[in-house]
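# Descriptive analysis of the structure
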Amino acid sequence: MKYPGKILPEVLKTAMKPPVTVRYPYERTEIPEGFRGKIHFDAKLCIGCKMCMRDCPAKAVEIEKIGEDKVFKATFYLDHCIYCAQCVDSCPKKALASTPEFELAHYQRDKLADIQK
Ligand code: SF4
Ligand code: SF4
């Protein structure tokens, strides 16, 4: 380093400040409004149009009819989902919504298929 003395004031300035990081998971920050976390599916509103499936850029959502009536279930592949919320925007019936839930990591990949009825 050519001029180590030049960075000294900056080092001293930042050494006196508290860290900007938080000690997660022991400390938590407030989740901002509009945060795009895990998707919630409301089966009562779904009409099975599959617009969400068509528009999902990650192929992370699957809609299937269950039973004889027009009842649908949604499967979200959380290991594929990029939490873009395009499915929420595409749904004409507001059957999908982003939630603040973000702690979705798992050791077993097959546990990341989130089936909602
Ligand atoms: S949030 Fe994005 S990636 Fe995830 S299921 Fe919806 S459209 Fe697909
Ligand atoms: S876009 Fe909405 S209404 Fe259509 S299948 Fe998906 S969740 Fe159901």
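Small disclaimer: the values here were computed from a predicted structure and weren't measured.

Procedures and definitions
- Residues numbered from 1 in each chain as written.
- Chains lettered and ligands numbered in written order.
- Predicted model: local features only at pLDDT ≥ 70, side-chain atom pairs only at ≥ 80, totals over all residues.
- Near = placed C-beta within 6 Å.
- Nonpolar A, V, L, I, M, F, W, Y, C, P; charged D, E, K, R; others polar.
- Helix = DSSP H or I, 4+ residues; strand = E, 2+ residues; numbered from the N terminus.
- Buried ≥ 20, exposed ≤ 12 C-beta atoms within 10 Å, placed from the backbone.

## Overview of the site of ligand 1
Neighbouring residues of ligand 1: 13 residues in total, closest Cys56, Cys81, Cys84, Gln86 and Cys87. Here the shell around ligand 1 is built from residues that sort into 12 nonpolar, 1 polar and no charged.

## Some thoughts on the environment of Pro19
Considering the arrangement of structural elements, one finds Pro19 in the loop between helix H1 (4-15) and strand S1 (39-41). A residue is classified by how many C-beta atoms lie within 10 Å of it, and Pro19, with 7 of them, is exposed. Spatially, the C-alpha atom of Pro19 lies 36 Å from that of Ala58, the residues being 39 residues apart in sequence.

## Some words on unusual backbone geometry
For the peptide bond that leads from Tyr24 to Pro25, omega is 10°, which places it in the cis range. With respect to the element layout, Pro25 can be found in the loop between H1 and S1. Although it is not a glycine, Ala85 adopts a positive phi angle of roughly 65°. Along the chain, Ala85 turns up in the loop between strand S3 (71-77) and helix H3 (86-90). Judged by C-beta crowding, with 17 C-beta atoms within 10 Å, Ala85 ranks as partly exposed. Phi is positive for Lys94, which is not a glycine, with a value near 55°. Among the secondary structure elements, Lys94 is positioned in the loop between H3 and strand S4 (96-98).

## What about the site of ligand 2?
Near ligand 2 lie 13 residues; those nearest to it are Cys46, Cys49, Met51, Cys52 and Cys91. Here the residues of the shell around ligand 2 sort into 9 nonpolar, 2 polar and 2 charged.

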